[in-house]
Amino acid sequence: IPSPSRPHPVPIPRQLLYTMLVLITFVGLVVTAQLRPLAESIPIPPATLVLALQADRVLNGVSRPVWGLVSDVVGRATALGLALVLQTAVLLFWVARLSDPTVFVVCSALSTFSWGEVYSIFPAVAADMYGSRHMSANYGALYTGKAVASFLAGSTGRVAWLGRECEGRGATHR
């Protein structure tokens, strides 16, 4: 229900909403699962990796109420867009300065921060779009995007692992 303090809901096409969920979740899962192998390949000192993991957990927890507040102020669609833009900017900056330990910690934490909005805004968006009558079924259908993202993230992790294992070896075909 719109009020002076809550912006009017902006309709988001279902396909766009699903794609946003998959993309943000994909990055969050890859960063979570591949942070240690990434740190080892750069190389990032082990103490820096521990600090990055700690910062990730803190910002992941903080992100959920913060993104809820942001969506209350600017609207859910805008908050989703901001999270996607933040995630993209963080990844582009991180890739450009990959071997810097400070950037490693900050970017991994900000990536996790932008991922946290999945758990605070998407359920509310589903309720806005489809109503509360069959909320569990509707959000469950939307949430299959996390399964798609986990399949893609797992495949990406496997390719990265194979790349590390085969580094320096020529390709052989039998």
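Refer to the structure presented above.
This text gives an overview of the structure that appears in the document. (Residues numbered from 1 in each chain as written. Predicted model: local features only at pLDDT ≥ 70, side-chain atom pairs only at ≥ 80, totals over all residues. Heavy atoms only, no water.)

### Thoughts on the overall build of the protein chain
A count of helices and strands for the protein chain gives 6 helices and 0 strands. Going residue by residue from the N terminus, the α and β elements of the protein chain occur as α-α-α-α-α-α. In the protein chain, buried positions account for 33% of the 174 residues. Roughly 10,000 Å² of accessible area belongs to the protein chain as shown, and the carbon and sulfur atoms make up 68% of that amount. (Helix = DSSP H or I, 4+ residues; strand = E, 2+ residues; numbered from the N terminus. Buried < 20%, exposed > 50% of the residue type's maximum accessible area, 1.4 Å probe, protein only. Areas by Shrake-Rupley, 256 points an atom, 1.4 Å probe, with all protein chains shown as cover.)

### Thoughts on the nonpolar core
Leu17, Leu80, Phe122 and Leu142 are the most contacted members of the largest nonpolar core, which totals 18 residues. Every element with two or more residues in this core is listed here: helix H1 (14-41), helix H3 (76-96), helix H4 (101-115), helix H5 (122-130) and helix H6 (135-165). Sorting elements by how many residues they give to this core places H1 first, with 4 residues. With sequence-adjacent residues up to four places away left out, Leu142 is seen in contact with Leu17, Tyr18, Leu21, Phe122 and Ala126. Core analysis: the next-biggest nonpolar cluster, separate from the first, contains 14 residues, Ala39, Val103, Phe104 and Val105 among them. (Core = buried A, V, L, I, M, F, W, Y, C linked by side-chain atoms within 4.5 Å. Contact = heavy atoms within 4.5 Å.)

### Focus on the environment of Gly28
Here Gly28 lies in helix H1. Each C-alpha atom, one on Gly28 and one on Ala153, is 9.0 Å from the other, the two residues being 125 residues apart in sequence.

### What about the side chain of Ser111?
Along the polypeptide, Ser111 turns up in helix H4. Residues contacting Ser111, with those up to four places away along its chain left out, are Val27, Val31, Gln87, Val90 and Trp94.

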